[in-house]
Amino acid sequence: MSTDVPDTIAGAATFTTFLVKVAARCNLSCDYCYMYKHADQTWREQPHVISPEVAEQVAGRIGEYAREAALPELLVVFHGGEPLLAGAARLTWFRKLIADALPDTTTAHFSLQTNGVLLDDERLTTLADGGIGVSISLDGPATVNDRHRSLAGGGSSHSAVMDAIRRLRTRPETFAGVIAVIDPDADPRELLEFFAELDPPSLDLLLPDANHCTPPPGRDRDPQRYERWLVEAFDIWFDDYPTLPIRTFDAILAATAGAPSPTDAFGFGDVSLLCIETDGGYHDLDVLKITKPGQTNLEQSVFTSTVAEVARSPKIQEHRRLLSPAGVATECRSCPVVDVCGGGAVPHRYSAEGFANPTVYCAEMLTLISHVRTRLHETLQAEAAQFDRRGGSGRYNLAAFDKAATAVTITDSLVDTWQSETVPQLARIAEQLAADDRQPSSVRAAARSLTEVASTELGRLSRQPSVSLWVRAHEAARRGQPLLGVDGEALRFDPTYVANVARLFSEPARETRIHRPDPWLRSPFSAPIRFLTDDEATTGPSRVNAAMEWIRRYDAVLAAEILNLSPEVQFVTDESAHPDKVVSFSDDVVPGCLFIGLGAHPGAVDVYDLADSIIHEHRHQKLYLLEREVDLIIPGQPFVPSPWREELRPPSGLLHAAWVFVELLGYWRFVETSSDVAATVRSRAANQVAVSTERLSRAWKTLDNVQTTPAGDELILALRERSAT
Amino acid sequence: MTERHEPVGETQDSVLLQRRRPIHPALARAHDQLTRTEPAEITSYDRMHHRHNRS
């Protein structure tokens, strides 16, 4: 950080947050409270709750300031003490008073920070209907929370607060989050498990307020206790609960990577909050009450001064300086983490000599920020390596992969890679079952027959869709994570199926298997998907064979590819679909199986449509094969419009659709130009070509705005070029 | 209380983080923070949470 910094801050602060103390008493007696248990005891002189006269004056001052400062947006926080002691109805009345005082050009947000004890159904309804968001203070499970947050008259506050949170969870539009104060005696894993279960929209873990006059509790006997706790909690969160939004940790990660710090706890910045006490007095940040009596008092009130006048007051100007690079302690200026830490929270810098000190949590900040830097760097490097390995260009010729005629060596390579995982797994299952005395002799015998099979033959077997799923179910059960079907039901490994596997081995290779009643082809699906009865499927095999003959005429290598990669066909119907709509699908849960709709009667799906369905579902399977090894789309992007669907789709779904329809475009062009098909079919083909061409052009435009890997770029380029020819 | 406005300088990691959205959920949020185009959160006061209802 540069030391060439100004000593004064130009201009006035711009307040955008108004912390309005609506109650100056509390129904809890938390031992760490910065309002009541630290240096400043002037709360005793404050009115218990804000009066209507003060409230009206506050509203007028905020409205006046919003107009003068042309604020586009502001936040009013109803705070205390315990703000619900002022009454929920009074708060909504106060909210309306402030909202009515604002110019039309200012958008206001209203929030309440409460301990939750008084938040019953009626009060919550009043606040929610009044447009006031609610944030709750809770330190963790009862064993942790009750160490510090007892009722004013004694006793646990935990169950009442948990009731409040349960109520708030039914009001997601009102529930803003949870604030917790760290107790380093609490087990961080237990704490994070508790909050992960609670699943608040946002969580903050705050260090207990302390400074050089009042050091952090217990640190004298164990100087590293906060450092250890923060690092351990960060790692547990980062590794096991990273979807839980913990503001402190999110902020430190983002700030370490270069984003502005969004929290008071650290980082440079400017004053943007004004506190107003119940008597209407203007105050600086309320947490400064931990320093010395009167530190926050700006010696002006809503009855004497405008907010704009307060914004220029000496104390606010000094506070602004402390938040700037000029305001950090001399020793901080050469610190390697000062750009992230910013000298730490101002109240935590205080000593009897003033604020020209590093934060009392300096060692903790240095350790945590350094640790976060390391974790950030390592994780980014690991992801980058994986990205380069899985998403880099040039690993496979994806233009060649697209076309069956040039794809064979690539698909063989992908299959080999896939088998290098599945063959040992299948071999291990066979060995285990063969040696398992608890299994019936028929199971052991079938398993034993498989142990004698050459690995190349096991490879062919392990790729059979049903066997592949069966093996994966075993591997998932072994890891203690049951494999789920498309319907969400767990797929339980069945040892007796090994006899079917052995039977499959004895069947000839490279032959499409049609509508086998195999549970490992059908179990991942349930209503509304129904598998056709044998009677309903009677015409299916001959129709599939006819369609495959037609595909051979279009592209003999594609037909061979289908037999190789998609060797199973099952006939299905979707009972929720319109009777005129014929549903076919594929899913990677059963790799290599095509689930095909035959329509209500043979005329509903003719040979050309059936060939279309087979090619369509096979193309999905071929892309699944590639996606096992190659990343094409950067994950986590918003859904996008798809020309083939009414609803938004994940970008990967759109790429799948484009991948499928590029092949089908070629197929229908072939049908259109085939002289021996009926004119009505050629006309239908021409329509398919026109529709697919138009939809593909829209898909390319959407995919232009999707974040793809270099491999994804390469594939999309190849598809675009092919569709244009 | 403060509007933080002094980000650290651009580092190799920050460049990497901005270039693409990571898979790790916490890093993905950091990426969103680094690349966002909407205004910063209205408050940095850390003694409360508020719901921001920006469209």
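Criteria and cut-off values
Sequence order sets the numbering: in each chain, residues are counted from 1 along the sequence as written. To read the labels, note that chains go from A and ligands from 1, taken in the order they are written. Residues qualify for local features only when their pLDDT is at least 70, as the model is predicted, and side-chain atom pairs are given and counted only at 80 or more; totals for whole chains, interfaces and linings, by contrast, use all residues. Secondary structure elements follow DSSP: runs of H or I of four or more residues count as helices, runs of E of two or more count as strands, with numbering from the N terminus. Here the globule rule is a power law, 2.2 Å times the number of residues to the power 0.38, and the radius of gyration is based on C-alpha atoms. In this scheme the burial state of a residue depends on its C-beta neighbours within 10 Å: 20 or more other such atoms mean buried, 12 or fewer mean exposed, and anything in between means partly exposed; the C-beta positions come from the backbone. Every axis in this analysis is a line fitted to C-alpha atoms, fitted for helices over the stretch in contact. Angles between the N-to-C directions lie between 0 and 180 degrees. Orientation labels follow simple angle bins: below 35 degrees gives roughly parallel, above 145 gives roughly antiparallel, 65 to 115 gives roughly perpendicular, and whatever is left gives oblique. Crossing handedness is read from the near helix: turned anticlockwise from the far helix by less than a right angle, it gives a left-handed crossing, and turned clockwise, a right-handed one. Amino acids are sorted into nonpolar (Ala, Val, Leu, Ile, Met, Phe, Trp, Tyr, Cys and Pro), charged (Asp, Glu, Lys and Arg) and polar (every other residue, Gly among them). What a helix should span is 1.5 Å times the count of its residues minus one. By the convention adopted here, residues make contact when the C-beta atoms placed from their backbones lie within 7 Å. Within this analysis, the arc is defined by the directions that extend from the helix axis to the C-beta atoms. A score from 0 to 100, pLDDT tells how confident the predictor is in each residue. Pairing between two strands is assigned when DSSP locates at least 2 bridges connecting them.

### Structural notes on the overall build of chain A
In terms of helices and strands, chain A carries 25 helices and 15 strands. Against the compact-globule benchmark of 27 Å for 725 residues, chain A has a radius of gyration of 34 Å, which places it well outside the compact range. Along the three orthogonal principal directions, the C-alpha set of chain A runs to about 95 × 65 × 55 Å.

### Here's the deal with the overall build of chain B
Helix and strand content of chain B: 2 helices and 0 strands. Counting the 55 residues in chain B, one finds 49% classified as buried.

### Some details on the packing of helix α23 (residues 651-672) of chain A against helix α24 (residues 679-704) of chain A
All names here are of chain A. For the pair α23 and α24, the least separation of the axes is 9 Å and the interaxial angle reads 150 degrees. By the angle between their axes, α23 is roughly antiparallel relative to α24. Between α23 and α24 the crossing geometry is left-handed. Tallied by class, the residues present in the contact of α23 with α24 amount to 17 nonpolar, 4 polar and 4 charged.

### Examining helix α25 (residues 710-724) of chain A
Residue and element names in this part refer to chain A. Compared with the 21 Å implied by 1.5 Å per residue over 15 residues, the 21 Å span of α25 between its first and last C-alpha is a close match. Considered for burial, the residues of α25 that qualify are A711, G712, E714, L715, I716 and L719. Structurally, α25 contributes buried residues whose contacts are with α12 (362-391), α13 (398-402), α23 and α24.

### Section: helix α6 (residues 188-198) of chain A
All names here are of chain A. Residues of α6 that are buried include every one of P188, L191, L192, F194 and F195, and no others. Down the axis of α6, the buried side of the element spans an arc of 155 degrees, and every buried residue falls inside it. On its buried side, α6 packs onto α4 (142-145), β6 (203-206) and α7 (225-240). D199 lies just past α6 and shows a positive phi near 50 degrees.

### Focus: the confidence of the model for chain A
The share of residues in chain A with pLDDT of 70 or more is 98%, and the mean pLDDT across the chain is 92. Overall, residues 1-7 of chain A carries pLDDT values under 50, and its contacts beyond four positions in sequence, including any with other chains, amount to 10 contacts.

### Examining the sheet that holds strand β2 (residues 73-79) of chain A
All names here are of chain A. The 9 strands are arranged β6-β5-β4-β3-β2-β1-β7-β8-β9 in an open sheet whose pairing can be described as mixed. Of all strands in the sheet, those bounded by a partner on one side alone are β6 and β9 (297-301). Across the sheet, the axes of successive neighbouring strands diverge by a mean angle of 25 degrees, strand direction being ignored. Relative to strand β3 (residues 107-114), β2 runs parallel, the two sharing 6 bridges. Pairing of V77 across the sheet is with S111, part of β3.

### Topic: the interface of chain A and chain B
The partner chain B presents 42 residues to the 56 residues of chain A that form the contact. Top contributing element to the side of chain A that touches chain B by residue count: α12 of chain A, with 6 residues. Tallied by class, the residues present in the side of chain A that touches chain B amount to 28 nonpolar, 20 polar and 8 charged.

### Section: the packing of helix α1 (residues 52-68) of chain A against helix α2 (residues 88-101) of chain A
All names here are of chain A. Here α1 crosses α2 at 30 degrees, and the two axes come no closer than 8 Å. If you check the angle between α1 and α2, you find them roughly parallel. The interaxial crossing formed by α1 with α2 has right-handed handedness. Facing A55, E56, A59, G60, I62 and G63 of α1, the residues of α2 in contact are F94, L97, I98 and A101. Taken together, the residues of the contact of α1 with α2 break down into 7 nonpolar, 2 polar and 1 charged.

### Comments concerning the confidence of the model for chain B
Residue and element names in this part refer to chain B. Chain-level pLDDT for chain B is 72 on average; 64% of the residues reach the 70-or-more range. Predicted confidence is poor over residues 1-7, with pLDDT under 50, and the contacts of this stretch with residues over four places away or in other chains come to 35 contacts. Among the scores for the predicted complex, ipTM is 0.82 and pTM is 0.70.

### Quick word on the pairing of strand β14 (residues 568-574) of chain A
Residue and element names in this part refer to chain A. The element β14 is extensively covered by neighbouring structure, given that 5 of its 7 residues are classed as buried. Judged from the 2 bridges that link them, strand β12 (residues 513-514) and β14 form a sheet pairing that is parallel. Across the sheet, the residue bridging to R513 is E568, located in β14. Sheet topology note: the strand β13 (residues 529-531)/β14 ladder contains 3 bridges and is antiparallel. Directly across from F531, in β14, lies its bridge partner V572. In terms of strand pairing, β14 meets strand β15 (residues 593-597) through 5 bridges, oriented parallel. Note that in β15 the partner of V572 across the bridge is G597.

### A look at the environment of A407 of chain A
All names here are of chain A. For A407, the location among the structural elements is in helix α14 (residues 404-434). Looking at A407, the number of C-beta atoms within 10 Å reads 23, which means it is buried. Placed 150 residues apart in sequence, A407 and V557 show a C-alpha to C-alpha distance of 9.4 Å.

### Structural notes on the environment of E122 of chain A
Residue and element names in this part refer to chain A. By secondary structure assignment, the location of E122 is in helix α3 (residues 121-129). By the C-beta count within 10 Å, which is 10 here, E122 ends up exposed. For the pair E122 and A89, spaced 33 residues apart in sequence, the C-alpha to C-alpha distance is 10.0 Å.

### A word on the environment of C33 of chain A
Relative to the helices and strands, C33 of chain A resides in the loop between β1 (17-21) and α1. We classify C33 of chain A as partly exposed; it has 18 C-beta atoms within 10 Å.

### A word on unusual backbone geometry
All names here are of chain A. Cis geometry marks the peptide bond from G80 to G81; its omega dihedral reads 15 degrees. Tracing the sequence through the fold places G81 in the loop between β2 and α2. Put simply, A527 and P528 share a cis peptide bond, and its omega is 10 degrees. Position of P528 relative to the elements: it lies in the loop between α19 (519-522) and β13.

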